[in-house]
Amino acid sequence: MTRPIALVDCNNFYASCERVFQPTLRGKPVVVLSNNDGCVIARSNEAKELGIEMGAPWHLNREKFSGAGVIVKSSNYTLYGDMSARVMKTLLSFSPVLEIYSIDEAFLGLEGFEDRLEDHARTLRATVLQWTGIPVSVGIAPTKTLAKVANRLAKKDSASCGVRVLMAAADQERALAQLELSDLWGVARRLSGRLKAQGVVTPLALRNADPQQIRQTLGVVGERLVRELRGESCIEIEEIAPNRKSLIASRSFGRPVETLIEMQEAVATYASRAAEKMRRQNLATANLIVFVETNPFRTQDRQYRASQSAQLPIATADTGRLVAAALGALVAIWREGYRYKKAGVMLLDLAPANALQGSLFAAPDSPASQARMRALDVINRRYGRGALIIGAAGVKSAWRLRREHVSKSYTTSWSELLTV
DNA sequence: TCTGGGGTCCTAGGACCC
DNA sequence: TCTGGGGTCCTAGGACCC
């Protein structure tokens, strides 16, 4: 009754993309660098073998690897996004049940292929390579967490030729015995530390632990992890991507920013870029955060980091309003005398820009509708007349409108509330 | 003047992912 | 001088509501 789940992961994705368009890079060590050519974000196998670490700051490594013939590329996200779309489209021809998990990973539901999982995966692998030029690895198991494990082994173990199936309990146990706790999906430094402190030292021990007991110390996340390791699927494949809830536009500065005017330029740019992103997805918001920080790697400098949120009276995607709100928030956290390294604008509580129309027809007992009715009730009691609340940001902002605006600011100006 | 319970919201921070 | 840029989920405590 267990349905097989495949995790398809592109090998060294950004480096592989560069190779597709520049075949002379094949067989050579290639690294792709982050913005400002700051640090390593992708490495070909050859580069990994040279000992180049993920995230390594390039200015500390340039010397070291210049003699090794390493080819360095600046990142090109437009290209990677395009290649990703081609890979995902190809995957769709191998199963209609597809969840795009990240730019280079996807989960596939393989129900119906139980009797030929390995063959199916090998054909998939060959086809993706032929159609897109991107090599992928495939891990198959009854849960997403185990599919991640299978995928890791498919990559690591050259004998498996890029495909690993872990449907049988005995195979799963053998696989878990080969890994470290921090190799597991969802376990990083902190969690593995806490587990080890509890005497759970290996992935296999975690699989054999009591879920209830793990829940005591690690909460629901821990319990889910144990169950997933046992083959009990707790994390479903999400074929329809839920609406984005927030988005960020931020950058590190190439050199320290020390004046307000420069910081204002940067924040205005980020706010405007964030607004563009939002409009492209037909979203709107009434809630944003501006943040600034100094360079934490320069321990000799005085450190400062701060963030400030700002609320707009109604949800909007208008660049002018968002820039104005962001600059207002910046003033509240700006401190003279620091060498700023990074700043950004986050947009929160994103909701479809046409939510107002939707809300009129929302089910009467939906939470959003109830919140709106309560807000309406307050207005009716207070002012003896009805008004339509702009609920574009859903329940939360309906509450906010009620608390912060309806009862305080909007004593007469209904037309403003009604503006879309 | 004293006494309760159940539920949601808000916010900040932690932890993790790619 | 030089160390990325995005995201999500969970928790905990206080505020607030009925």
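## Comments concerning the sheet that holds strand β7 (residues 136–141)
- What the five strands build is an open sheet, ordered β5-β6-β1-β7-β8; its pairing is mixed. Looking at the sheet topology across the chains shown, the edges are occupied by β5 (98–102) and β8 (163–165). Pairs of neighbouring strands in the sheet enclose a mean axial angle of 15 degrees, with direction left out of account.
- Judged from the six bridges that link them, strand β1 (residues 5–10) and β7 form a sheet pairing that is antiparallel. Residue pairing across strands places Asp9 opposite Ser137, the latter belonging to β7.
- Across the face of the sheet, helix α5 (residues 117–132) comes into contact with β1, β6 (105–109), β7 and β8 while running at roughly 160 degrees to β7.

## Notes on the pattern of salt bridges
- Applying the stated rule across the entire model yields 20 salt bridges.
- Taking the shortest distance from any N to any O, the salt bridge between Glu236 and Arg3 comes out at 3.9 Å. One end of the pair, Glu236, is in the loop between α10 (211–229) and β9 (247–257); the other, Arg3, is in the segment before β1, with 233 residues separating them in the sequence.
- Given a relative accessible area of 45%, Glu236 falls into the partly exposed group.

## Observations concerning the protein's contact with DNA strand C
- Around DNA strand C there are 29 residues in total, and Ser34, Lys245, Ile248, Ser250 and Lys341 lie nearest to it.
- Sugar and phosphate atoms constitute 75% of the interface atoms of DNA strand C, taking the interface as everything within 4 Å of the protein.
- Arg251 places a side-chain nitrogen or oxygen 3.1 Å from a phosphate oxygen of DNA strand C.
- At 3.0 Å from a phosphate oxygen of DNA strand C is found a side-chain nitrogen or oxygen belonging to Lys277.
- Going through the elements one at a time, α10, β9, α11 (260–280) and β12 (340–348) are the ones with two or more residues in the surface near DNA strand C.
- Ranked by the residues each element gives to the surface near DNA strand C, the list is headed by β9, at nine residues.

## Side note on the packing of aromatic side chains
- The full count for this structure, using the stated rule, is twelve aromatic pairs.
- Three or more aromatic residues link up through ring pairs in this structure, and these residues are Phe13, Tyr14, Tyr77 and Tyr80.
- Sitting above the plane of the Phe107 ring, Lys144 keeps its charged end 4.6 Å from the centroid.
- The cationic tip of Arg302 hangs over the ring face of Tyr338; the distance from NZ or CZ to the ring centre is 4.4 Å.

## Overview of the packing of helix α1 (residues 13–21) against helix α4 (residues 77–92)
- Where α1 contacts α4, the axes come no closer than 10 Å and their chain directions differ by 90 degrees. For the element pair α1 / α4, the angle class is roughly perpendicular. For the pair α1 and α4, the contacting residues are Phe13, Tyr14, Cys17, Glu18, Val20 and Phe21 in the first and Tyr77, Leu79, Tyr80, Met83, Ser84 and Arg86 in the second.
- The residue inventory of the contact of α1 with α4, partitioned by class, reads nine nonpolar, one polar and two charged.

## Remarks on the confidence of the model for chain A
- Per-residue confidence for chain A gives a mean pLDDT of 84; residues scoring 70 or more make up 84%.
- Contacts for the low-pLDDT stretch residues 355–420, under 50 throughout, to residues beyond four places or in other chains number 79 contacts.

## Regarding the layout of surface pockets
- Approximately 1,100 Å³ is the volume attributed to the largest pocket.
- Looking at the largest pocket, it is lined by 38 residues, and the ones nearest its centre are Cys10, Asn11, Asn12, Lys48 and Lys155.
- Contributing elements (two or more residues each) for the lining of the largest pocket: β1, α1, β3 (40–43), α2 (45–49) and α6 (144–156).
- Residue composition of the lining of the largest pocket, by class: 14 nonpolar, ten polar and 14 charged.

Rules and cut-offs
- Residues numbered from 1 in each chain as written.
- Chains lettered and ligands numbered in written order.
- Predicted model: local features only at pLDDT ≥ 70, side-chain atom pairs only at ≥ 80, totals over all residues.
- Heavy atoms only, no water.
- Pairing = 2+ DSSP bridges.
- Helix = DSSP H or I, 4+ residues; strand = E, 2+ residues; numbered from the N terminus.
- Axes fitted to C-alpha atoms, helices over the stretch in contact; angles between N-to-C directions.
- Contact = heavy atoms within 4.5 Å.
- Salt bridge = Lys/Arg side-chain N within 4 Å of Asp/Glu carboxyl O.
- Buried < 20%, exposed > 50% of the residue type's maximum accessible area, 1.4 Å probe, protein only.
- Near = heavy atom within 4 Å.
- Polar contact = N/O pair within 3.5 Å; in protein donor to acceptor, adjacent residues only side chain to side chain.
- Phe/Tyr/Trp six-rings, centres within 6.5 Å; stacked < 30°, edge-to-face > 60°.
- Lys NZ or Arg CZ within 6 Å of the ring centre and 35° of its normal.
- Parallel < 35°, antiparallel > 145°, perpendicular 65-115°, else oblique.
- Nonpolar A, V, L, I, M, F, W, Y, C, P; charged D, E, K, R; others polar.
- pLDDT = per-residue confidence, 0-100.
- 1 Å grid on protein atoms, 1.4 Å probe; cavity = no way out; pocket = protein on both sides within 12 Å on 5 of 7 lines; lining within 4 Å.
- Points joined across faces, edges and corners; volume = space filled by probe spheres on them.

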